[in-house]
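Each chain, letter by letter, is given below.
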Amino acid sequence: MKFLILEQKYLECLEDGKILEALKCLRDEMAPLKYNIDRLHELSSFLMCTDQLNLKTLSKWTGKSSLSRQSLMDNLQSKYK
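One structure accompanies this document, and this report is about it. Small disclaimer: the values here were computed from a predicted structure and weren't measured.

What about the overall build of the protein chain?
Each helix and strand in the protein chain was counted, giving five helices and zero strands. Counted from the first residue to the last, the protein chain has its helices and strands arranged as α-α-α-α-α. Taking 81 residues into account, the globule formula puts the C-alpha radius of gyration at 12 Å, and the protein chain, at 12 Å, falls close to it. C-alpha extents for the protein chain along the principal axes are approximately 35 × 30 × 20 Å. Looking at the protein chain as a whole, 33% of its 81 residues are labelled buried. In the protein chain, the proportion of contacts linking residues at least 24 apart, taken out of those at least 6 apart, comes to 61%. Surface summary for the protein chain: the accessible area is close to 5400 Å², and the carbon and sulfur share equals 57%. Treating the 13 positive side-chain charges of the protein chain as one cloud and the 11 negative ones as another, the clouds have centres 4 Å apart.

In structure tokens, the structure reads:
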């Protein structure tokens, strides 16, 4: 559950251009969870995205919006009932 929430935080930081904050989230908050390491590596590759469109395309994420946050909530509710 925490990993999914932090993933949203990480992607939002990247979209906002807050690269250092995103990296800190990835390194200090997500990596210590030792959960879904393959996804963690995939997320780290998004640091190389050149713009928001590239990020959204590679991550298959709709972007920082109420839609992506609602999708996160739906995902959490369906998995952790």
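A closer look at the packing of aromatic side chains
Under the definition given, this model contains one aromatic pair. Between Phe3 and Tyr35 the ring centres are 5.3 Å apart and the planes differ by 65 degrees, which places this aromatic pair in the edge-to-face class. Highlighted residues: Phe3 in helix H1 (residues 2-15) and Tyr35 in the loop between helix H2 (19-30) and helix H3 (37-45), separated in sequence by 32 residues. Under the relative-accessibility criterion, Phe3 is labelled buried at 3%. Judged by relative accessible area, which is 45%, Tyr35 ranks as partly exposed.

Some details on the environment of Cys49
On the secondary structure map, Cys49 appears in the loop between H3 and helix H4 (52-59). Taking the relative accessible area as the measure of exposure, Cys49 reaches 16% and is therefore buried. Residues Cys49 and Ala31 lie 18 residues apart in sequence; the distance between their C-alpha atoms is 20 Å.

Considerations on the pattern of salt bridges
Under the definition given, this model contains seven salt bridges. A salt bridge links Arg69 to Glu12; the shortest N-O distance between them is 2.6 Å. Taken together, the residues span a long stretch of sequence, with Arg69 in helix H5 (residues 66-79) and Glu12 in helix H1 at a distance of 57 residues. On the basis of relative accessible area, Glu12 is assigned to the buried category, the value being 10%. One salt bridge in this structure joins Glu15 and Lys56, with 3.3 Å as the shortest N-O distance. Linking Glu15 in helix H1 with Lys56 in helix H4, this pair joins segments that are 41 residues apart in sequence. Judged by its relative accessible area of 27%, Lys56 falls in the partly exposed class.

Criteria and cut-off values
- Position numbers for residues count from 1 along each chain, tracking the sequence in the order it is written.
- Since the coordinates come from a predicted model, pLDDT governs what is reported: local features require at least 70, and pairs of side-chain atoms require 80 or more to be given and counted, while whole-chain, interface and lining totals use all residues.
- To obtain the side-chain values, all non-hydrogen atoms of the structure were used and water was disregarded.
- Only runs of H or I of at least four residues qualify as helices and only runs of E of at least two qualify as strands under DSSP, and these elements are numbered from the N terminus.
- In this setup the radius of gyration rests on C-alpha atoms only. A globule is expected at 2.2 Å times the number of residues raised to 0.38.
- The rule is simple: take the accessible area with a 1.4 Å probe, protein chains only, and divide by the maximum for that residue type; under 20% is buried, over 50% is exposed, in between is partly exposed.
- We call two residues contacting when some pair of their heavy atoms lies within 4.5 Å.
- Here the open area of atoms and residues is found with the Shrake-Rupley method and a 1.4 Å probe, where only the protein chains shown may cover a residue.
- The charged-residue count follows a simple rule in which Lys and Arg add positive charge and Asp and Glu add negative charge, with His and chain termini not counted at all.
- A charged residue contributes its charge at one atom only: NZ of Lys, CZ of Arg, CG of Asp or CD of Glu.
- Any two rings among Phe, Tyr and Trp, with Trp reduced to its six-membered ring, count as a pair given centres within 6.5 Å; such a pair is stacked if its planes are under 30 degrees apart, edge-to-face if over 60, and tilted if neither.
- When a carboxyl oxygen of Asp or Glu is within 4 Å of a side-chain nitrogen of Lys or Arg, the pair counts as a salt bridge.

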